[in-house]
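Each chain, letter by letter, is given below.
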Amino acid sequence: GVNYQPQAYPGAYPDAANPPYTGASTIGALGYLPLEEPAQDAVYRLRFTFTHNSPVLQVTFAGIGLQQIEDESWGLDNVIVSLDGDVTYADTFDGTGWPTTRTDVTPSGRHFLGQFGAETVTLPLNNLPPHTELTLTFDFYAIETWDGNDDYWGPDIFDLRVAGGPTLLHTT
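Keep in mind the model is a prediction, meaning the values are calculated, not measured.

This part takes up the nonpolar core. Judged by nonpolar contacts, the single largest core of 36 residues is most densely connected at F61 and F138. For F61, the residues in contact, after removing those within four places along its chain, are W74, L76, W98, E119, T120, V121, L123, L136, F138, F158, D159 and L160. Counting residues in each nonpolar core, the second largest holds six residues, with Y32, V43, Y141 and I143 among its members.

In structure tokens form, the structure reads like this:
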């Protein structure tokens, strides 16, 4: 959370409550100016490994319950898909490989996929070589006033799912 409200991450919503910014790799480094809080952005470096053997992968990233995009948004950067330890896909965001080409630049100069609000973005990968395990790594950008588990302004949820596979993350 980019706020003073408890967040679920690294746990699942609604079962967990942790201090704001728990698990963030950086706080305030993207350069979004604070209005009434110490920071207006946080970066979470996320990594998930799971059993997968299909030649097709569809991963959905979703913001749920967010207010208008000028107040609460999110983005992705440094997305890497590895099959059995070998990098198969990597994107630092010129928009390739995604159905959306919406990219942005943070005030500190980082290019990323986003900004997104209460919407879903899908990464489709086809014709993957034979494999038994997949690792998905990426930077999640929480931008502006994410309200975590707050019952009045939130909850502000980030959801990550594999089509036909696991829910990797459902958290605030």
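Time to look at the environment of V87. Here V87 is to be found in strand β5 (residues 86-91). Residue classification places V87 among the exposed residues on the basis of a relative accessible area of 57%. Along the backbone, V87 and W98 are eleven residues apart, and their C-alpha atoms lie at a distance of 17 Å. Sequence-distant contacts of V87, that is, excluding residues within four places in its chain, are made with I80, V81 and S82.

Moving on: the sheet that holds strand β3 (residues 57-64). Taken together, four strands build an open sheet; the order of strands is β8-β3-β10-β11 and the sheet is antiparallel. Both edges of this open sheet fall to β8 (120-125) and β11 (167-171), since each of them pairs with a single strand only. Averaged over all adjacent pairs, the angle separating strand axes in this sheet is 10°, with direction ignored.

Okay, the pattern of salt bridges next. Inspection of the entire model under this criterion finds three salt bridges. We note a salt bridge from R102 to E119, for which the minimum N-O separation is 3.0 Å. Of this pair, R102 sits in the loop between β5 and β6 (103-105) while E119 sits in the loop between β7 (111-116) and β8, placing them 17 residues apart in sequence. Overall, R102 belongs to the partly exposed group, its relative accessible area being 34%. A relative accessible area of 25% places E119 in the partly exposed class. For the salt bridge of R161 with D159, the shortest nitrogen-to-oxygen distance reads 2.5 Å. Looking at R161, the relative accessible area reads 37%, which means it is partly exposed. Residue D159 is classed as buried on the basis of its relative accessible area of 4%.

Of all six residues in strand β10 (residues 157-162), five are buried; the element is thus mostly enclosed. Pairing of β3 with β10 involves six bridges; the strand directions are antiparallel. Along β10, the bridge assignment pairs A62 with D159. Bridge count between β10 and β11: four bridges; the pairing is antiparallel. Of the residues in β11, the one forming a bridge with L160 is L169. Joining the antiparallel neighbours β10 and β11 is a turn of four residues, in which G164 adopts a positive phi near 70°.

Criteria and thresholds
- Residues numbered from 1 in each chain as written.
- Predicted model: local features only at pLDDT ≥ 70, side-chain atom pairs only at ≥ 80, totals over all residues.
- Heavy atoms only, no water.
- Core = buried A, V, L, I, M, F, W, Y, C linked by side-chain atoms within 4.5 Å.
- Buried < 20%, exposed > 50% of the residue type's maximum accessible area, 1.4 Å probe, protein only.
- Contact = heavy atoms within 4.5 Å.
- Helix = DSSP H or I, 4+ residues; strand = E, 2+ residues; numbered from the N terminus.
- Pairing = 2+ DSSP bridges.
- Axes fitted to C-alpha atoms, helices over the stretch in contact; angles between N-to-C directions.
- Salt bridge = Lys/Arg side-chain N within 4 Å of Asp/Glu carboxyl O.

Coordinates in, geometry out; function isn't part of it.
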